[in-house]
There are 2 protein chains.
Amino acid sequence: MPVAGRRRGSPDTRGEILDAARREFSVRGFDGTSMRAVAREADVDPALVHHYFSGKDDLFLAAMELPFDPRAMLPPVLRGPRDGTGERLLRAVLGLWDDPDLRPRLLTVLRSALASDDTAHLLRDGLLRLVIEQIATLPGVVDPQRRGALVGSQVIGLIIARHVLGLEPLASMTAHELAAVTGPTLDRYLYGDDLR
Amino acid sequence: MPVAGRRRGSPDTRGEILDAARREFSVRGFDGTSMRAVAREADVDPALVHHYFSGKDDLFLAAMELPFDPRAMLPPVLRGPRDGTGERLLRAVLGLWDDPDLRPRLLTVLRSALASDDTAHLLRDGLLRLVIEQIATLPGVVDPQRRGALVGSQVIGLIIARHVLGLEPLASMTAHELAAVTGPTLDRYLYGDDLR
């Protein structure tokens, strides 16, 4: 009984769910996609989708094959003294991109996300939202959506300058050097009184 | 004598030179392309290329159909009090992008530039270099390549957040509001003593 067998979870059920999720996300966007619709598209029981993925965020990160989870990566980085938060955040993000095993995958996601409005909005709603939600947990950050978006603009700009454009000297500086120079920008975006 | 006629400049000679320039730039990059090679590719006399375009920078801007020339746009913006340079620069750049007649063309150039290393490097060598050269003319800017690259990273990040990702509230703020909030970042990148 292949159908019943698949419903219980055949070896490639997880992969079939991810294929279905990629199709749903790309057609309906992040907000328009549900775990139930992915189950229907994959022809599996919804409980099976929940067995493999604890929620839509998990499903999205796995479907995009993102090699990091901002919900796990950011809290330890954002903890610590308020001064220097930007530098710590940039060291972590630029450090990911400096990993030769991760960079090709990150570049593929970034390039596909920038290629059309649909994929760009998918990155925004599926990934950047998770980053901004983490920033919203920081004590003393007023208006986290605006401040998180400003942080995102500088981080994305640095990644593109460094890894897509190859703009010198940003492309050759170490992650630590670049984080030291641009960290104060992020500290101001997060906490600056002149932004209120 | 169609060949001789074309050499003197037929109605579409300029367009044929631009087609040839696009092919040369895309295959050989900015640095690898010469006016002479474009003339050869277009099958016209090199003097004719120089008749239509005063130099390779002109030819590049026309071939990319860029609706602005940083060599004309930036000097009046960069002149004026040192404080506020970043805000004036951002108002000008974001203002271009807010023009509904220009935005589609700018988006096409940006998206194509980010799509591959070759096109990204073309944007860097053909366009960003002109911007950094203008910044290098500012009195008191030490190490203009580094400072210009940092400025570029924030400007590109804002454009992508606002016009590609549609990241709120950056997408809905006016150009003046956004320039006021992020201008101090650019002032520090241009003139900050803590960057030396």
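Residues numbered from 1 in each chain as written. Chains lettered and ligands numbered in written order. Predicted model: local features only at pLDDT ≥ 70, side-chain atom pairs only at ≥ 80, totals over all residues. Heavy atoms only, no water.

Some points on unusual backbone geometry
Residues and elements named next belong to chain A. Cis geometry marks the peptide bond from E168 to P169, where omega comes out at 5°. The topology assignment puts P169 in the loop between α10 (144-164) and α11 (175-191). Even without a glycine there, the phi angle at D43 is positive, about 60°. By the secondary structure assignment, D43 is in the loop between α3 (35-42) and α4 (46-52). Residue D43 is classed as partly exposed on the basis of its relative accessible area, which comes to 39%. (Helix = DSSP H or I, 4+ residues; strand = E, 2+ residues; numbered from the N terminus. Buried < 20%, exposed > 50% of the residue type's maximum accessible area, 1.4 Å probe, protein only.)

Structural notes on the pattern of salt bridges
Oppositely charged side chains can pair when the atoms bearing their charge come close. According to the stated counting rule, one finds 28 salt bridges over all chains in the structure shown. E24(B) is the salt-bridge partner of R28(B), the closest N and O atoms lying 2.9 Å from each other. Highlighted residues: R28(B) and E24(B), both in helix α2 (residues 13-28), separated by 4 residues, approximately one helical turn. A relative accessible area of 48% means that R28(B) is categorised as partly exposed. Between D58(B) and R71(B) there is a salt bridge whose closest N-O contact spans 2.6 Å. Remark: R71(B) occurs in helix α6 (residues 70-78) and D58(B) occurs in helix α5 (residues 56-63); sequence separation between them is 13 residues. Salt bridges sharing partners connect three or more residues here, namely D19(A), R22(A) and E65(A). (Salt bridge = Lys/Arg side-chain N within 4 Å of Asp/Glu carboxyl O.)

Digging into the environment of L178(B)
As for its position among the elements, L178(B) is in helix α11 (residues 175-191). Relative accessible area serves as the criterion here: at 0%, L178(B) is assigned to the buried category. Those residues within four positions of L178(B) in sequence are excluded, and the remaining contacts are L150(A), L94(B), L158(B), R162(B), L170(B) and M173(B). (Contact = heavy atoms within 4.5 Å.)

Focus on the packing of helix α8 (residues 103-114) of chain B against helix α10 (residues 144-164) of chain B
The geometry of a pair of packed helices is captured by two quantities: the angle between their axes and the separation between those axes. Residues and elements named next belong to chain B. Where α8 contacts α10, the axes come no closer than 12 Å and their chain directions differ by 115°. α10 is crossed by α8, and the crossing has left-handed handedness. Residues R103, L107, L110, R111 and L114 of α8 pack against I159, I160, H163 and V164 of α10. A breakdown of the residues in the contact of α8 with α10 according to their chemical character gives 6 nonpolar, 1 polar and 2 charged. (Axes fitted to C-alpha atoms, helices over the stretch in contact; angles between N-to-C directions. Left-handed = near helix turned anticlockwise from the far one by under 90°. Nonpolar A, V, L, I, M, F, W, Y, C, P; charged D, E, K, R; others polar.)

Some remarks on the nonpolar core
If you look at the biggest cluster of nonpolar residues, it comprises 144 residues, and the most contacted ones within it are L59(A), I160(A), L59(B) and I160(B). Excluding its chain neighbours within four sequence positions, the residues that come into contact with L59(B) are I17(B), L18(B), A21(B), F25(B), M35(B), V38(B), V49(B) and F53(B). (Core = buried A, V, L, I, M, F, W, Y, C linked by side-chain atoms within 4.5 Å.)

Some remarks on the packing of aromatic side chains
Working definition: an aromatic ring pair is given by the centre-to-centre distance plus the angle between the planes. Enumeration over the complete set of coordinates arrives at 8 aromatic pairs over all chains. Ring geometry for F25(A) against F60(A): centres 5.3 Å apart, planes inclined by 90°, an arrangement best described as edge-to-face. Of this pair, F25(A) sits in helix α2 (residues 13-28) while F60(A) sits in helix α5 (residues 56-63), placing them 35 residues apart in sequence. With respect to class, F25(A) is no different from F60(A); both count as buried. What links up through ring pairs into an aromatic cluster is the set F25(A), F30(A) and F60(A). The positively charged end of K56(B) is found above the aromatic ring belonging to F30(B), 4.5 Å away from the centroid. (Phe/Tyr/Trp six-rings, centres within 6.5 Å; stacked < 30°, edge-to-face > 60°. Lys NZ or Arg CZ within 6 Å of the ring centre and 35° of its normal.)

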